[in-house]
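What follows is each chain in one-letter form.
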Amino acid sequence: MRLNFLPKPKELLDIAFSKARKESPEVNAHNEREQIRLERARRISQMENAAETLGEKLEKAVKDFPSVDNLPAFQKDLLEATIEIEKTKKALAQLSITAKIIRKIQKEEIKKMRMFGKHERKISEITRGFFGRVSSTVKRLEKSIEQYNETARRMNELPNIKAEAPTVILAGFPNTGKTTILERLTGSKAKIASYPFTTQKLQIGYFEAKYQDIQIIDTPGLLDRPFEERNPIEKKAIAAIKHLAKIIVFVIDPTEQCGYNVEEQASLMQETKKQFGLYIIAVLNKADIASKEQIEEAKKLAEKIADETLAEGEKISSGLKEKIIEKLFPKKKIDS
Ligand SMILES: Nc1nc2c(ncn2[C@@H]2O[C@H](COP(=O)(O)OP(=O)(O)OP(=O)(O)O)[C@@H](O)[C@H]2O)c(=O)[nH]1
Ligand SMILES: [Mg+2]
């Protein structure tokens, strides 16, 4: 769902006031008594109309806002990485209170109008009083509206990830073949999802197993370098991914064409294992162009860290997909 933004206070007031004016235009009666009666009625209806428009807009904004606490943990964590949830809750409360205050002002000023609006000057004075009070109340919403819009913007750009799908995360240095493996597994070009805190895009693909979508996520720029280089937002993103992932597929390039030697690659895998504490499948990729020795050396290092180690390459299948399915849906032992 896409959240709409709220206009700034001044704009909000303009919308409500000009609508009220338009819907209750000036009146012309034949005698003074009638004129006063009509003018009073006109002003009352303007007050009602303006208060209704403002109250409705504010209440709708609050009602439309999904409860952050009900978001799937992954999305909640992503959101928390970029906004302050408490501030958003306060902003929503402020919008809601303001809607109530406006309705209260409306009641008070209409009551005043009915009691004291006996001549033209008094009617204008009460009308000005109403619009003045409402204006200053709405103008105090400046910060809350900014916060509302900022959170709405962040929520609108949360990546469209299936929180309930079994998920595999790809990790490994750049150029080791992560995206290639994602495409091999899913048999399609990866979908690119926006990613709320960096310029990076998540790459997401799916394959079906046991009548379910298995979700594969490649996280360029996030899990492809040592962890000490992370800024606080990236650390939160990693925490978010942790909620989601069941398995890490760590891609190693035994040919070292990616620009990192196998020791460096193994050490990043060790860190990844420590960070996530998840089941790790090491894929020794590019087996079609790697020498036997290169594969052996990478394998020796990988096996010390990974739970499983497979070698694969172009036209060389390692059975990675089957391993993933096996791990996600372990066969239950049947007692006889
Ligand atoms: N020969 C061979 N080349 C491969 C294999 N897998 C990937 N490559 C090549 O390695 C290069 C990098 O592959 P990518 O899949 O883009 O690697 P990546 O890990 O996604 O890289 P970044 O997105 O930069 O992190 C590309 O030129 C691929 O064609 C393989 O199994 N065999
Ligand atoms: Mg890639």
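Rules behind the numbers
- Residue indices follow the written sequence of each chain, beginning from 1 at its first position.
- Lettering of chains starts at A and numbering of ligands starts at 1, both following the order in which they are written.
- Given that the model is predicted, a residue must reach a pLDDT of at least 70 before its local features are reported, and side-chain atom pairs must reach 80 or more before they are shown or counted; all residues, however, enter totals for whole chains, interfaces and linings.
- By definition, any uninterrupted DSSP run of H or I lasting at least four residues is a helix, any uninterrupted run of E lasting at least two residues is a strand, and each is numbered from the N terminus.
- Here, residue contact means that the backbone-derived C-beta atoms of the two residues sit within 7 Å.
- Definition of nonpolar core: a set of buried Ala, Val, Leu, Ile, Met, Phe, Trp, Tyr and Cys residues joined via C-beta atoms within 7 Å.
- Using C-beta atoms placed from the backbone, we call a residue buried if 20 or more other C-beta atoms fall within 10 Å of its own, exposed if 12 or fewer do, and partly exposed for counts in between.
- What counts as a domain boundary in this text is fixed by an automatic or database domain assignment.
- Residues are sorted three ways: Asp, Glu, Lys and Arg are charged, Ala, Val, Leu, Ile, Met, Phe, Trp, Tyr, Cys and Pro are nonpolar, and all the rest, Gly among them, are polar.
- To decide whether a residue is near a molecule or strand, its C-beta atom is placed from the backbone and checked for lying within 6 Å of it.
- Fitted lines through C-alpha atoms serve as axes, helices being fitted only where they are in contact, and the angles separating the N-to-C directions of these axes extend from 0 to 180 degrees.
- An angle below 35 degrees is read as roughly parallel, one above 145 as roughly antiparallel, one from 65 to 115 as roughly perpendicular, and any other as oblique.
- Handedness of each helix crossing follows the sense of rotation of the near helix against the far helix: counterclockwise by less than a right angle gives left-handed, clockwise gives right-handed.
- Given the number of residues in a helix, its expected span is that number minus one, multiplied by 1.5 Å.
- Read the arc as the range of directions from the helix axis to the C-beta atoms.
- Following DSSP output, two strands are said to pair if at least two bridges run between them.

Draft legend 1. Main features of the environment of E120. Along the chain, E120 turns up in helix α5 (residues 120-139). Taking the C-alpha atoms as reference, E120 lies 50 Å from V68; in sequence the two are 52 residues apart. In this structure, E120 is in contact with I36 and E39, ignoring residues within four places of it in sequence.

Draft legend 2. Expanded view of the nonpolar core. Judged by nonpolar contacts, the single largest core of 77 residues is most densely connected at I169, L170, V249, F250, I252 and A282. Split by domain, this core shows at least three residues from each of two domains, domain 1 (9-156) and domain 2 (167-328). Residues within four places of L170 in sequence aside, it is in contact with K178, I181, L182, I216, I217, D218, V249 and V251.

Draft legend 3. Quick peek at the domain arrangement of the protein chain. Split into domains, the protein chain comes out as domain 1 (9-156) and domain 2 (167-328). Each of domain 1 and domain 2 was reduced to a C-alpha centroid, and the two centroids are 52 Å apart. Taken residue by residue, the interface counts eight residues in domain 1 and nine residues in domain 2. Sorting elements by how many residues they give to the side of domain 1 that touches domain 2 places helix α3 (residues 73-82) first, with seven residues. Classifying every residue of the side of domain 1 that touches domain 2 by side-chain character gives four nonpolar, one polar and three charged.

Draft legend 4. Up close: the site of ligand 1. Residues in contact with ligand 1 amount to 15 residues; listed here are only the nearest, P174, G177, K178, T179 and T180. Residue composition of the shell around ligand 1, by class: three nonpolar, seven polar and five charged.

Draft legend 5. Looking closely at the packing of helix α4 (residues 85-116) against helix α6 (residues 142-156). Relative orientation of the contacting elements α4 and α6 amounts to 125°, with a least axis distance of 9 Å. Put simply, α4 runs oblique to α6. For the crossing formed where α4 meets α6, the hand is left-handed. When α4 is examined against α6, the residues K87, T88, A91, Q94 and L95 are found in contact with a partner set consisting of S144, Q147, Y148 and T151. Within the contact of α4 with α6, the residues separate by chemical class into three nonpolar, five polar and one charged.

Draft legend 6. Summary view of α4. Taking 1.5 Å per residue as the helical rise, α4 with its 32 residues ought to reach 46 Å, and the 46 Å between its terminal C-alpha atoms agrees with that figure. Here α4 has its buried residues at T88, A91, L92, L95, T98, A99, I102, Q106, E109 and M113. Taken together, the buried residues of α4 touch α2 (32-64), α5 and α6.

Draft legend 7. Just helix α1 (residues 9-23), in detail. Taking 1.5 Å of rise per residue, 15 residues should cover 21 Å, and α1 covers 21 Å from first to last C-alpha, within 8% of that figure. Among the residues making up α1, those that are buried are L13, A16 and A20. The buried residues of α1 all sit within an arc of 75° when viewed along its axis, so they share a single face. In α1, those exposed residues whose orientation departs by more than 90 degrees from the buried face are K10, E11, D14, S18 and K22. Of the surrounding elements, those touching the buried residues of α1 are α2 and α5.

Draft legend 8. Unusual backbone geometry, seen in detail. Here Y211, not a glycine, exhibits a phi torsion of approximately 60°, which is positive. Structurally, Y211 is set in the loop between β3 (202-209) and β4 (212-218). Owing to 5 C-beta atoms within 10 Å, Y211 belongs among the exposed residues under this scheme. Non-glycine residue E256 carries a positive phi angle of around 65°. Topologically, E256 is positioned in the loop between β5 (245-252) and α9 (262-276).

Draft legend 9. Structural detail: the packing of α1 against α5. At their nearest, the axes of α1 and α5 sit 9 Å apart, and the two run at 145° to each other. The crossing of α1 and α5 is right-handed. Taking contact as the criterion, the partners of P9, L12, L13 and F17 in α1 are, on α5, F131, S135, V138 and K139.

Draft legend 10. How the structure looks around the pairing of β4. A large share of β4 lies buried, amounting to five of its seven residues. The pairing of strand β1 (residues 167-171) with β4 spans four bridges and is parallel. The residue of β4 that forms the bridge with T167 is Q215. Alignment of β3 against β4, held across seven bridges, turns out to be antiparallel. Counted as the bridge partner of F207 is I214 from β4. Taking the residues that link successive antiparallel strands as the turn, the β3-β4 hairpin has two residues, and the phi of K210 there is positive, at about 50°.

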